[in-house]
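Geometric and topological summary
Residue-level listing of the chains:
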Amino acid sequence: MPTLQRAIPCVLMRGGTSRGPFFAAGGLPGDPALRDAVLVAVMGTPAGRQIDGLGGGTTVTSKVAVVGPSDHPDADVDYLFAQVDPVWGTVDTKPTCGNMLVGVGPYAIEHGLVAAGDPSTSLVVRNVNTGSFIDVVCCTPGGELTYEGDCAIDGVDGTAAPVELRFRGIEGSVTGSMLPTGCVSEPIVAGGVEAEATLIDVAMPMVMVRASEIRRSGHEAPEEFDSDPEFMATMEAIRRVAGERMGLGDVSRSVVPKFGLLSAARDGGTITSRYFTPTQCHPAHAVSGGICVAAAAAVPGTVAASLASPTGQGGDRGFAADGAPVDIVIEHPSGSLEVSLVTAPGADGLQVVSGGVTRTARKIMSGTVYVPEQVWSG
């Protein structure tokens, strides 16, 4: 008897420096457990190389976006992000992904969820994972979406049309608090080292550590970290302790909190970051993680603030500019990421109002992906 497969429409897109399939909200099973089993099959996990699916064998190419109309009065569309780990075979929907989010606006316009304007289209995306809202502006000259343009982002070859993103309501994205332990920095003893760490949750829960405290420069290439089992074990040990302290429980099979290894900038930026996904070092930098690093640089007493250059972009106005955006430039393995950060006085001294970035997206293919029938039967 032939093995049957179910066909599901999807669009494969690059969003920022990530890539993955985009699905209509109604195109996947409503039951979360079955939905996750389908996504594992779609991506070809867990098989490392993901040769039997759409995944690319890395965490940045094993991501999924689910997009649909929003019933929230303040949003046009809903966006659910799923990280499908290529090694663990897990599906994590606790965090968001700012890079995949770049493709949500173009997808929504092309699928009639938002009417195109001229010369641009503005929409509000609600991130279902975190409950935050993102203002998105796409290029639609003559009322037609375009991917062509002269905007270049580090980590992606060539140029494309810019997509503007501004993230709002991002404090405590998962934990409910910007500083879930109440400390701007605190010691963590794990993995054979003692390091000062900042545990912070702005757009993405992260634990940040100075590279020098783990005997690294912080300017190493991603493959140097990925091929260093001693470092990866130390990083993971610190991350697990941080997860417990942040109220996230056992994070041994969760992608949050993410790990940021920080050092001083070398090329005129504000700070250098190596961002872990967490089983691999990101070849560039996550958008949500970039906003978190930028926010940490704005909070006095954090590990990031101690390393941030006062002469970097935005340094002449200070990091805690009341109501005025400050450009914080994060140097990463492929270049840099610029975050436009808006802060204001808050109950705890500082409130992060919003974080903005400019990225690009490209539609790669549109069609159907086939999932074995046995996935539905368990």
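Residues numbered from 1 in each chain as written. Predicted model: local features only at pLDDT ≥ 70, side-chain atom pairs only at ≥ 80, totals over all residues. Heavy atoms only, no water.

Moving on: the pairing of strand E6 (residues 120–127). In terms of burial, E6 is a largely internal element, six of the eight residues being buried. Inspection of the sheet shows strand E4 (residues 77–84) paired to E6 by three bridges, in the parallel sense. Along E6, the bridge assignment pairs Val77 with Val125. Across seven bridges, E6 lies against strand E7 (residues 133–139) in antiparallel orientation. Looking across to E7, one finds that Val125 is bridged to Ile134. Between E6 and E7, which pair antiparallel one after the other, the connecting turn spans five residues, and Gly131 there sits at a positive phi close to 75°. (Buried < 20%, exposed > 50% of the residue type's maximum accessible area, 1.4 Å probe, protein only. Helix = DSSP H or I, 4+ residues; strand = E, 2+ residues; numbered from the N terminus. Pairing = 2+ DSSP bridges.)

Once that is clear, we can look at the packing of aromatic side chains. Ring pairs (aromatic) are described by centroid distance and by the angle formed between their planes. Considering all chains together, one arrives at five aromatic pairs under this definition. A ring pair is formed by Phe225 and Phe276, whose centres lie 5.3 Å apart and whose planes are at 80°; its orientation type is edge-to-face. Of this pair, Phe225 sits in helix H4 (residues 222–226) while Phe276 sits in strand E13 (residues 271–276); the two residues are 51 residues apart in sequence, bridging distant segments of the chain. Side by side, Phe225 and Phe276 carry an identical accessibility label, which is buried. Here the aromatic residues Phe225, Phe231, Phe259 and Phe276 are joined through ring pairs into a cluster of three or more. (Phe/Tyr/Trp six-rings, centres within 6.5 Å; stacked < 30°, edge-to-face > 60°.)

A few words on the environment of Pro141. Within the secondary structure layout, Pro141 lies in the loop between E7 and strand E8 (162–168). Taking the relative accessible area as the measure of exposure, Pro141 reaches 44% and is therefore partly exposed. For Pro141 and Gly117, which are 24 residues apart along the polypeptide, the C-alpha to C-alpha distance reads 7.7 Å.

On to helix H5 (residues 229–245). Given a rise of 1.5 Å per residue, 17 residues ought to cover 24 Å, and the 24 Å separating the end C-alpha atoms of H5 matches this to within 8%. Those residues of H5 not exposed but buried are Phe231, Met232, Thr234, Met235, Glu236, Ile238, Arg239, Ala242 and Gly243. Here the buried face of H5 lies against strand E9 (186–190), strand E10 (193–202), strand E11 (204–210), H4, strand E12 (258–263) and E13. For H5, the capping residue at the N-terminal end is Asp228, with a side-chain oxygen 3.2 Å from the backbone nitrogen of Glu230. One or two residues past the end of H5 sits Gly247, with phi positive at roughly 80°. (Expected span 1.5 Å × (residues − 1). Contact = heavy atoms within 4.5 Å. Polar contact = N/O pair within 3.5 Å; in protein donor to acceptor, adjacent residues only side chain to side chain.)

Let us now look at the side chain of Glu331. Relative to the helices and strands, Glu331 resides in strand E14 (residues 326–332). For Glu331, which is buried and forms no salt bridge, the nearest opposite charge comes from Arg266, at a distance of 7.0 Å. Residues within four places of Glu331 in sequence aside, it is in contact with Ala265, Arg266, Asp267, Gly268, Gly269, Ile271, Thr272, Ser273, Arg274 and Ser336. (Lys, Arg positive; Asp, Glu negative; His and termini not counted. Salt bridge = Lys/Arg side-chain N within 4 Å of Asp/Glu carboxyl O.)

Cis peptide bonds are those with omega within 30 degrees of zero, and the linkage from Asp118 to Pro119 qualifies with 10°. Of note, Pro119 is situated in the loop between helix H3 (104–110) and E6. Residue Pro278 is reached from Thr277 by a cis peptide bond, and omega for that bond is 5°. Take Pro278: it is sitting in the loop between E13 and helix H6 (287–298).

So, about the confidence of the model for the protein chain. When the pLDDT values of the protein chain are averaged, the result is 93; 95% of them are 70 or greater. With pLDDT under 50 throughout, residues 312–321 is counted as low confidence; its partners more than four residues away or in other chains account for 30 contacts. (pLDDT = per-residue confidence, 0-100.)

A word on the pattern of salt bridges. Counted according to the given criterion, the structure contains 14 salt bridges. One salt bridge in this structure joins Glu110 and Lys363, with 3.2 Å as the shortest N-O distance. In this pair, Glu110 is assigned in helix H3 and Lys363 in strand E16 (residues 351–372), connecting sequence segments 253 residues apart. A salt bridge links Arg216 to Asp228; its shortest N-O distance comes to 2.7 Å.

With that settled, consider the state of the cysteines. Disulfides are covalent bonds that link the sulfur atoms of two cysteine residues. With the rule as written, the count across this model stands at zero disulfides. Counting only cysteine sulfurs, Cys292 is the nearest neighbor of Cys97, a cysteine outside any disulfide, at a range of 14 Å. In this structure Cys183 is a free cysteine whose sulfur lies 16 Å from that of Cys292, the closest cysteine sulfur available. (Disulfide = S-S within 2.5 Å.)

With six of its seven residues buried, E14 lies for the most part within the structure. The pairing of E13 with E14 spans two bridges and is classified as parallel. Bridge pairing links Ile271 to Ile330 in E14. Relative to strand E15 (residues 335–344), E14 runs antiparallel, the two being bridged by seven bridges. If you follow Glu331 over to E15, its bridge partner there is Ser336. Hairpin connection from E14 to E15: two residues lie between these consecutive antiparallel strands.

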